[in-house]
Amino acid sequence: MIVLGIESSCDETGIALYDTDKGLLSHALYSQIALHAEYGGVVPELASRDHIRRIVPLLEQAFEKALLTPQDVNAIAYTKGPGLAGALLVGSSVASSLGLALNKPLIGVHHLEGHLLSPLLASKPPVFPFVALLVSGGHTQLMRVDGVGRYELLGETLDDAAGEAFDKSAKLLGLPYPGGPEISLLAEKGNPEVFHLPRPMLHSKDLNFSFSGLKTAVLTTLKKQGDSPSEQVKADIARAFVNAIVEVLAAKCALALRQTGLKQLVVAGGVGANRQLRAALNGMAAKRRCQVFYPELEFCTDNGAMIAFAGAMHLMQNPDAAQKDYAFTVRPRWPLEELTV
């Protein structure tokens with residue numbers, strides 16, 4: 001079975017073709033980082049317009065790479081939500097139009113489920129069950145995953161997500177968009193002994209997170225340095241910030257593994273590409289004799305491969321999951337817990 005995947009939830013346009021027998025056949029991706037950098041964040045209307053501009057050429061590119069035609073596809077998976085409404089509608093409308101024209105069934109995929117299952121695309125994937133840390137954009141959640149569609153929420157952020165804290169703190173330090181990778185790079189030049197920032201909810205004994213106070217601590221520390229802090233001071237603050245957020249994420253993951261008794265941790269989402277976080281989680285897992293699994297770096301950010309794969313997994317489990325309903329259906333707000341079967 002060959003599944004076409006279409007991702008357009010935010011600022012990346014992704015297309016992929018996945019074969020349940022041969023694996024990933026091709027994928028094509030366009031990032032809008034340069035488009036939104038001027039504004040310091042994603043502008044929804046510009047994102048939607050750019051998806052319209054990019055999606056057809058990317059479809060052609062993916063089919064050409066796979067040496068396939070649209071008629072070879074058995075089903076079309078698209079990101080149904082959550083995300084920006086206008087951006088989601090671009091992918092939904094293209095999927096529906098293709099489905100109607102080709103008489104192919106559609107399956108709407110939850111964006112976060114795509115991230116959650118993306119480590120299964122690796123050459124050495126985890127096996128169910130496992131604990132998953134979802135750190136994608138505005139989401140920071142710990143989940144127990146017993147199978148496709150079998151998810152239990154263990155804990156989540158009560159305010160800002162880790163990705164939001166990275167971006168907002170980077171902006172405070174005057175770093176360009178997107179701020180997450182920039183603040184991590186700057187932190188590598190910092191001295192960890194100069195500043196100490198709070199570890200929110202580190203000892204709360206539950207699996208929830210809170211990062212808005214950490215962002216405020218960055219602002220307060222920065223103001224104390226005067227009007228023109230040196231680059232080294234900014235690097236030291238960045239190091240303190242990254243160390244704080246990484247310590248909290250690693251500690252909560254360790255607690256989740258202990259509470260569930262599981263030995264596998266999956267990390268998914270854009271923040272999962274952070275080198276400091278990976279080092280901390282690898283160290284934690286080694287002490288607990290557990291394993292950590294990450295998506296390939298190219299699949300940490302939004303992409304069509306994870307959508308095609310998630311759609312294929314659902315169809316293998318339940319062939320009736322795909323339907324020939326060609327309405328443009330999206331869910332900008334869609335709790336992952338609703339997917340539990």
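Going by what an unreviewed UniProt entry lists, the chain is known as tRNA N6-adenosine threonylcarbamoyltransferase and is assigned to Oxalobacter formigenes OXCC13. In UniProt, the chain has this text filed under Catalytic activity (unreviewed entry): "L-threonylcarbamoyladenylate + adenosine(37) in tRNA = N(6)-L-threonylcarbamoyladenosine(37) in tRNA + AMP + H(+)". Under the Sequence similarities (unreviewed entry) heading, UniProt states for the chain: "Belongs to the KAE1 / TsaD family."

We now examine the packing of helix α5 (residues 162–172) against helix α6 (residues 179–187). Direction vectors running N to C along α5 and α6 enclose 65°, while the axes themselves pass 8 Å from each other. The angle between α5 and α6 places the two elements in the roughly perpendicular class. The two elements α5 and α6 cross, and the hand of that crossing is left-handed. Taking contact as the criterion, the partners of F166, D167, S169 and A170 in α5 are, on α6, G179, G180, I183 and S184. Grouping the constituent residues of the contact of α5 with α6 by class yields three nonpolar, four polar and one charged.

On to the state of the cysteines, then. Under the definition given, this model contains zero disulfides. As a non-bridged cysteine, C253 has C290 as the owner of its nearest cysteine sulfur, 11 Å distant. Here C290 falls in the buried class, since its relative accessible area comes to 11%.

Attention now moves to the UniProt feature "binding site: substrate" (unreviewed entry) in the chain. The UniProt record annotates "binding site: substrate" (unreviewed entry) at L134, V135, S136, G137, G138, D167, G180 and N274. Within the fold, V135 resides in strand β6 (residues 130–136). For V135, a relative accessible area of 1% translates into the label buried. Setting aside residues up to four positions removed in sequence, V135 forms contacts with T140, A162, L249, V267, A268, G269, G270, V271 and G272. Tracing the backbone shows G137 in the loop between β6 and β7 (139–147). What G137 contacts, discounting residues up to four positions off in sequence, is A161, G163 and E164.

Along its sequence, the chain is carved into domain 1 (2–117 + 301–338) and domain 2 (127–294). The C-alpha centroid of domain 2 is placed 28 Å from the C-alpha centroid of domain 1. At the junction of the two partners, domain 1 supplies 19 residues and domain 2 supplies 17 residues. Carbon and sulfur atoms supply 71% of the area that domain 1 and domain 2 bury against each other, a total of about 1,600 Å² over both sides. Summed over the three residues of domain 1 that lose the most area to domain 2, namely L112, L116 and E337, the buried surface amounts to 36% of that side. The tally of links from domain 1 across to domain 2 stands at zero salt bridges. Linking domain 1 to domain 2 there are four residue pairs in polar contact (both at pLDDT 80 or more). Elements with a contribution of two residues or more to the side of domain 1 that touches domain 2: α1 (33–37), α4 (111–117) and α10 (304–317). At six residues, the largest contribution of residues to the side of domain 1 that touches domain 2 is made by α4.

What follows deals with the sheet that holds β7. With mixed pairing, five strands are arranged side by side in an open sheet as β8-β7-β6-β9-β10. Strands with a single pairing partner mark the edges of an open sheet, and in this sheet they are β8 (150–156) and β10 (291–293). This sheet shows a mean twist of 25° between the axes of neighbouring strands, independent of strand direction. For strand β9 (residues 264–268) and β10, the ladder comprises three bridges, and the chain directions are parallel. Each residue of the ladder has a partner; that of L265, found in β10, is V292. Running at roughly 155° to β6, helix α8 (residues 231–260) makes contact with β6, β7, β8 and β9 of the sheet.

Looking now at the pairing of β6. Across the seven residues of β6, seven count as buried, placing the element largely inside the fold. As defined by bridge partners, β6 adjoins β7 across seven bridges and the pair is classed as antiparallel. Paired with V135 across the bridge in β7 is T140. Between the end of β6 and the start of β7, which pair antiparallel, lie two residues, with G137 showing a positive phi angle near 55°.

Enumeration over the complete set of coordinates arrives at eleven salt bridges. One salt bridge connects D160 with K215, and the closest N-O pair in it is separated by 3.8 Å. Of this pair, D160 sits in the loop between β8 and α5 while K215 sits in helix α7 (residues 212–223), placing them 55 residues apart in sequence. You can call D160 buried: its relative accessible area is 10%. Its relative accessible area of 23% is what places K215 among the partly exposed residues.

Definitions and limits used
- Residues numbered from 1 in each chain as written.
- Predicted model: local features only at pLDDT ≥ 70, side-chain atom pairs only at ≥ 80, totals over all residues.
- Heavy atoms only, no water.
- UniProt positions renumbered as here; feature names shortened; annotations may be inferred.
- Axes fitted to C-alpha atoms, helices over the stretch in contact; angles between N-to-C directions.
- Helix = DSSP H or I, 4+ residues; strand = E, 2+ residues; numbered from the N terminus.
- Parallel < 35°, antiparallel > 145°, perpendicular 65-115°, else oblique.
- Left-handed = near helix turned anticlockwise from the far one by under 90°.
- Contact = heavy atoms within 4.5 Å.
- Nonpolar A, V, L, I, M, F, W, Y, C, P; charged D, E, K, R; others polar.
- Disulfide = S-S within 2.5 Å.
- Buried < 20%, exposed > 50% of the residue type's maximum accessible area, 1.4 Å probe, protein only.
- Domains from an automatic or database assignment.
- Buried area = accessible area lost by both parts, 1.4 Å probe.
- Salt bridge = Lys/Arg side-chain N within 4 Å of Asp/Glu carboxyl O.
- Polar contact = N/O pair within 3.5 Å; in protein donor to acceptor, adjacent residues only side chain to side chain.
- Pairing = 2+ DSSP bridges.

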